[in-house]
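Topology and contacts: notes
One letter stands for each residue in the lines below.
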Amino acid sequence: MELEKYLQRINYHDALKTDVETLKKLHRAHLLAIPYENFDIHLGRRIEHDEQAFYNKLVLQRRGGWCYEMNGLFAWALRQAGFKVHLLSGSVRNSLNDDGEGNHLTLLVELERPYLVDVGFGDGFLEPLPLEEGEFEQGFLSFRLTREGEYWICHNHPHGGAKRYDFTLKPRRLEEFAARSHELQTSPTSGFVRTAVCQHYTSDSLIILRGALFKSVSAAGVEEKTVTSEAEFKQVLKEHFKLDLGDTAELWPKIWERHQEWLRQQQSQPI
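Read on for a plain summary of the structure.

What counts, and where the lines are drawn
- Residues numbered from 1 in each chain as written.
- Predicted model: local features only at pLDDT ≥ 70, side-chain atom pairs only at ≥ 80, totals over all residues.
- Heavy atoms only, no water.
- Helix = DSSP H or I, 4+ residues; strand = E, 2+ residues; numbered from the N terminus.
- Expected span 1.5 Å × (residues − 1).
- Buried < 20%, exposed > 50% of the residue type's maximum accessible area, 1.4 Å probe, protein only.
- Contact = heavy atoms within 4.5 Å.
- Pairing = 2+ DSSP bridges.
- Axes fitted to C-alpha atoms, helices over the stretch in contact; angles between N-to-C directions.
- Phe/Tyr/Trp six-rings, centres within 6.5 Å; stacked < 30°, edge-to-face > 60°.
- Disulfide = S-S within 2.5 Å.
- Salt bridge = Lys/Arg side-chain N within 4 Å of Asp/Glu carboxyl O.
- Polar contact = N/O pair within 3.5 Å; in protein donor to acceptor, adjacent residues only side chain to side chain.

A look at helix α2 (residues 20–33)
- Given a rise of 1.5 Å per residue, 14 residues ought to cover 20 Å, and the 20 Å separating the end C-alpha atoms of α2 matches this to within 8%.
- Along α2, the residues classified as buried are V20, T22, L23, L26, H27, A29, H30, L31 and A33.
- Contacts made by the buried residues of α2 are with α1 (3–9), α5 (67–80), β3 (104–110), β4 (114–117) and β10 (197–201).

Looking at the pairing of strand β12 (residues 213–218)
- Bridge analysis of strand β11 (residues 205–210) against β12 gives six bridges, and the strand direction is antiparallel. Its bridge partner being in β12, I208 is matched across the sheet by K215.
- Counting the residues between successive antiparallel strands, the hairpin from β11 to β12 contains two residues, one of them, G211, with a positive phi of roughly 65°.

What about the sheet that holds β11?
- Reading across from one edge, β1-β10-β11-β12-β13 is the order of the five strands in this open sheet, with antiparallel pairing throughout. Each of the sheet's edge strands pairs with one partner strand only, and the pair in question is β1 (36–37) and β13 (221–226).
- The pairing of β12 with β13 spans six bridges and is antiparallel. The residue bridging V217 from the neighbouring strand is V222, located in β13.
- Contacting β10, β11, β12 and β13, helix α8 (residues 230–241) crosses the sheet at an angle of about 155° to β11.

A few points about the packing of aromatic side chains
- Applying the stated criterion to the full structure yields eleven aromatic pairs.
- Seen from their ring centres, W66 and Y68 are 5.3 Å apart, and the 85° between their planes marks the pair as edge-to-face.
- Residue Y68 is classed as buried on the basis of its relative accessible area, which comes to 0%.
- Seen in terms of ring centroids, Y68 and F177 are 5.9 Å apart; in terms of plane orientation they differ by 50°. Their pairing is tilted.

Description of the state of the cysteines
- This model, assessed by the stated rule, comprises zero disulfides.
- With no disulfide of its own, C67 lies closest to C154 among cysteine sulfurs, the gap being 13 Å.
- On the basis of relative accessibility, which here comes to 3%, the residue C67 falls in the buried class.
- There is no disulfide at C198, and the cysteine sulfur nearest it, in C67, is 15 Å away.
- A residue is classified by how much of its surface remains accessible, and C198, at 0% relative accessible area, is buried.

Considering the pattern of salt bridges
- Under the defined criterion, the tally for this structure stands at 17 salt bridges.
- Of the charged contacts, one joins R45 and D40 as a salt bridge, the two residues approaching to 3.4 Å between their closest N and O atoms.
- What makes R45 partly exposed here is its relative accessible area of 38%.
- For D40, a relative accessible area of 7% corresponds to the buried category.
- Note that R173 and E175 form a salt bridge whose closest N and O atoms lie 3.0 Å from each other.
- Taken together, the salt bridges that share partners define one network made up of E37, D40, R45, K57, R63 and E69.

Digging into the environment of D14
- Among the structural elements, D14 can be located in the loop between α1 and α2.
- It is 8.8 Å that separates the C-alpha atoms of D14 and K25, two residues lying eleven residues apart in sequence.
- Engagement of the side chain of D14 in a polar contact is seen with the side chain of K25, the distance being 3.5 Å.

Observations regarding the sheet that holds strand β7 (residues 141–148)
- Read across the open sheet, the eight strands follow the order β5-β4-β3-β2-β9-β8-β7-β6; overall the sheet is antiparallel. Each of the sheet's edge strands pairs with one partner strand only, and the pair in question is β5 (129–130) and β6 (134–138).
- For β6 and β7, the ladder comprises five bridges, and the chain directions are antiparallel. Its bridge partner lying in β7, Q138 is registered against L141.
- Against the sheet, α5 contacts β2 (84–91), β3 and β4, and its axis sits at roughly 20° relative to β3.

The structure is reproduced here in structure tokens:
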């Protein structure tokens, strides 16, 4: 694991300082270079849960990853660069009573004040947020932090796949997320098992491939189209996400079948 190779992967060429400006640049660079994706689950491959595996996949194999991989790798890189980083247990759920504990890994970085850092939420904030209640504008998107007792709540922008996640400031170890990671990539009820997703920021937009639906969100609005063939699927991944999954002959039929199922569910909804 070499920090320089990681920095090359995210196209970061500036000096490394342990200050907020460097943290913002690294955060943005990571999200512009490495997509959020969960294709391994749908390719029948186990997602390994350790830093070396994260590095091999995201840096050497030039793939993307989900929250444990993305934030796990970013936490390692930040520590190598001299930052003080804590892993936090995040929960994506509709209320504080839902059982979402640990289904998201997020980060806290201590500088002159603490910052919420998260390159693993897929369509979340592009730059770190100061850990304080308030609303934060980043380009054409808006985010909000609130607090309920010991819980902090990060509210996503209106176009986000998940509306919010909560977290406490109790530091965690990476291995504490292993059981949840296994469950989320194997349980038939897991949203990660049900839907293949790939998300990525560009300089002026957020692009999302959820199943067979490709969406671009920008200041000009939202554009959507349906990907209708394996060839088009592979082209979208290559052109927009810089991803090459190799042979997708078994993957694409699953994605298309689930897209048809989703369409049937939408049509059956009452008007």
